[in-house]
2 protein chains.
Amino acid sequence: MSQGDVVGPVDESVGYVLKQATIALRSAMDAVLRPLELTVPQYACLEVLDQRPGLSGSELARATFVTRQSMNLVLQGLQQRGLLTRTAVAGHGKALPTELTDAGRVQLRAASLAVHSIEKQMLAPLTPSAQQRLLTDLAACAAALTGERHIQLQQHTADD
Amino acid sequence: MSQGDVVGPVDESVGYVLKQATIALRSAMDAVLRPLELTVPQYACLEVLDQRPGLSGSELARATFVTRQSMNLVLQGLQQRGLLTRTAVAGHGKALPTELTDAGRVQLRAASLAVHSIEKQMLAPLTPSAQQRLLTDLAACAAALTGERHIQLQQHTADD
DNA sequence: ACCAGTGTGTCAGAATATTGACATGAGTCA
DNA sequence: TGACTCATGTCAATATTCTGACACACTGGT
């Protein structure tokens, strides 16, 4: 913004590369998830739920970056297939703790294997340390944007 | 898949971190784009079109990772606002080269500045070399997935 | 005990993107 | 020249997601 920043080709933009990677991963994921009759949001829901049982729909929604309403539809589909339970019907108004059933865990196990295989393939061109660095840097980038309310105190870590 | 791979917390998964970063960027982008009355897809279209004038709708769609149909709607909106032109109406059937108008370029200039500011903020926690590395690695990851038809010959580059 | 404030689940409507399909024009090859 | 294939633009229908809104339950303070 200060000096005359030439825009440069789009493929040097974070947004472009990020979208490219996201699309590629998303596409590969629902290719391997389709045989299991699972969508990506459904898989994400199962995965989070396995690691943090008893989460409510709203909490699940926040954890998977969707709205409560969208998560609700996901949960309905999963519940109808007997993959999870929601403490019966409480009529109206309060948090419904959600948990995986045995069938849900079985399904998740298969899905998790498939997805991890994809992620492994995606990271294959990178060395293990480069993989770890990618995750760390990506998380830092996201934090730099979401925590924009505060001034990020930039400490120059001479990492390379 | 071979050895007993513990699934581990989701936040160590590429997919999770990738989605996190994508959501953060997307959200920040349409926050700064909204005052300009531009959506993210619209901005992407303008940006690509500025760098590669004369592109057809289908080519534009591929460049921005959406379908022809979606791009068509984007183009219609942009055209109605006088931000781009499409060589009149050719009735039916053939590629319509698209170009930015002067107004389009002006609008893009403002949008580009805003978006670049966001991207800069996003990459702020990283050193310049780490930023470059992130882009490169991300592109490599995407390529590893989209070019999955071939066996990727893994050449161990001892980079770190 | 009362009452605002917050969080949650759910319903309804709108917006957006996708899939499927078709007609048209261009290029290729016999 | 004619037939075939391919790519493009567009229409229609479907699907997915989001925004807005409401009722209900728990928590805090008074």
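Up top is the structure these notes are about.
Overview of the structure. Bear in mind that the values here come from a model prediction, so they are computed numbers and not experimental data.

**Details of the overall build of chain A**
Here comes step 1: Along its length, chain A carries six helices and two strands.
Here comes step 2: Out of the 160 residues belonging to chain A, those deemed buried represent 38%.
Here comes step 3: Contacts in chain A between residues at least 24 apart in sequence constitute 49% of all its contacts with a sequence separation of at least 6.
Here comes step 4: Taken as a whole, chain A presents about 9200 Å² of accessible surface, with 56% of it coming from carbon and sulfur.

**A short note on the relation of the copies chain A and chain B**
Here comes step 1: Mapping chain A onto chain B calls for a rotation angle of 180° and an axial translation of 0.0 Å; the resulting RMSD is 0.0 Å. Here the symmetry operator amounts to a two-fold rotation axis. Distance from the rotation axis, computed per C-alpha, reaches its smallest value in chain A at Leu-134 of chain A: 3.3 Å.

**As for the interface of chain A and chain B**
Here comes step 1: With 62 residues of chain A in contact, the opposing surface of chain B contributes 62 residues.
Here comes step 2: Across the chain A to chain B interface the summed buried area is about 5600 Å²; carbon plus sulfur atoms make up 68%.
Here comes step 3: Linking chain A with chain B are zero salt bridges.
Here comes step 4: Secondary-structure elements contributing two or more residues to the side of chain A that touches chain B are α1 (14-33), α2 (40-51), α5 (102-123) and α6 (128-146) of chain A.
Here comes step 5: Of the residues contributing to the side of chain A that touches chain B, the split by class is 33 nonpolar, 17 polar and 12 charged.

**Some words on the side chain of Asp-137 of chain A**
Here comes step 1: Within the element layout of this structure, Asp-137 of chain A appears in helix α6.
Here comes step 2: Buried and unpaired, Asp-137 of chain A has no salt bridge, with Arg-133 of chain B as the nearest side chain of opposite charge at 4.5 Å.
Here comes step 3: Every residue in contact with Asp-137 of chain A, bar those within four places of it in the chain, is listed here: Leu-126, Ala-130 and Leu-134 of chain B.

**Some words on the nonpolar core**
Here comes step 1: Core analysis: the biggest nonpolar cluster contains 84 residues, and Leu-138 of chain A together with Leu-138 of chain B have the highest contact counts within it.
Here comes step 2: Other than its neighbours up to four places away in sequence, Leu-138 of chain A contacts Leu-18 of chain A together with Val-17, Leu-18, Ala-21, Leu-134 and Leu-138 of chain B.

**Regarding the packing of aromatic side chains**
Here comes step 1: Scanning the model with the defined rule gives two aromatic pairs over all chains in all.
Here comes step 2: Relative to Phe-65 of chain B, the ring of Tyr-16 of chain A lies with its centre 5.5 Å away and its plane at 45°, an arrangement referred to as tilted. In this pair, Tyr-16 of chain A sits in helix α1 while Phe-65 of chain B sits in the loop between α3 (57-63) and α4 (68-80), so the two residues belong to two different chains.
Here comes step 3: Classification of Tyr-16 of chain A by relative accessible area gives partly exposed; the value is 24%.

**Digging into unusual backbone geometry**
Residue and element names in this part refer to chain A.
Here comes step 1: Positive phi, normally seen in glycine, also occurs at Glu-37, with a value near 55°.
Here comes step 2: Here Glu-37 falls in the exposed class, since its relative accessible area comes to 60%.
Here comes step 3: Its identity as a non-glycine residue notwithstanding, Phe-65 has a phi of 65°, on the positive side.
Here comes step 4: Note on Phe-65: relative accessible area 26%, which makes it partly exposed.

**Observations concerning the environment of Lys-19 of chain B**
Here comes step 1: With respect to the secondary-structure elements, Lys-19 of chain B resides in helix α1 (residues 14-33).
Here comes step 2: Discounting chain neighbours no more than four positions away, the residues touching Lys-19 of chain B are Arg-26, Thr-64 and Phe-65 of chain A.

**Considering α4 of chain B**
Residues and elements named next belong to chain B.
Here comes step 1: Spanning 13 residues, α4 covers 18 Å between terminal C-alpha atoms, matching the ideal 18 Å at 1.5 Å per step.
Here comes step 2: When α4 is considered as a whole, its buried residues turn out to be Met-71, Val-74, Leu-75 and Leu-78. Each buried residue of α4 sits inside an arc of 100° when the element is viewed along its axis, so together they form one side. When the buried face of α4 is taken as reference, the exposed residues oriented beyond 90 degrees from it are Gln-69, Leu-73 and Gln-80.
Here comes step 3: The inward-facing, buried residues of α4 abut α2 (40-51), α3 and β1 (84-85).
Here comes step 4: Gly-82, located one to two residues past α4, shows a positive phi value of around 75°.

**A look at the protein's contact with DNA strand D**
Here comes step 1: The environment of DNA strand D is formed by 21 residues, the closest being Gln-69 and Ser-70 of chain A together with Ser-58, Asn-72 and Lys-94 of chain B.
Here comes step 2: Across the atoms of DNA strand D situated within 4 Å of the protein, the share located in sugar and phosphate is 64%.
Here comes step 3: One nitrogen or oxygen atom from the side chain of Thr-67 of chain A is found 3.2 Å from a phosphate oxygen belonging to DNA strand D.
Here comes step 4: At 3.1 Å from a phosphate oxygen of DNA strand D is found a main-chain nitrogen or oxygen belonging to Leu-96 of chain B.
Here comes step 5: Its residues placed into classes, the surface near DNA strand D shows four nonpolar, 11 polar and six charged.

Conventions used here
- Residues numbered from 1 in each chain as written.
- Chains lettered and ligands numbered in written order.
- Predicted model: local features only at pLDDT ≥ 70, side-chain atom pairs only at ≥ 80, totals over all residues.
- Heavy atoms only, no water.
- Helix = DSSP H or I, 4+ residues; strand = E, 2+ residues; numbered from the N terminus.
- Buried < 20%, exposed > 50% of the residue type's maximum accessible area, 1.4 Å probe, protein only.
- Contact = heavy atoms within 4.5 Å.
- Areas by Shrake-Rupley, 256 points an atom, 1.4 Å probe, with all protein chains shown as cover.
- Least-squares fit on C-alpha atoms with pLDDT ≥ 70 in both.
- Buried area = accessible area lost by both parts, 1.4 Å probe.
- Salt bridge = Lys/Arg side-chain N within 4 Å of Asp/Glu carboxyl O.
- Nonpolar A, V, L, I, M, F, W, Y, C, P; charged D, E, K, R; others polar.
- Lys, Arg positive; Asp, Glu negative; His and termini not counted.
- Core = buried A, V, L, I, M, F, W, Y, C linked by side-chain atoms within 4.5 Å.
- Phe/Tyr/Trp six-rings, centres within 6.5 Å; stacked < 30°, edge-to-face > 60°.
- Expected span 1.5 Å × (residues − 1).
- Arc of directions from axis to C-beta.
- Near = heavy atom within 4 Å.
- Polar contact = N/O pair within 3.5 Å; in protein donor to acceptor, adjacent residues only side chain to side chain.

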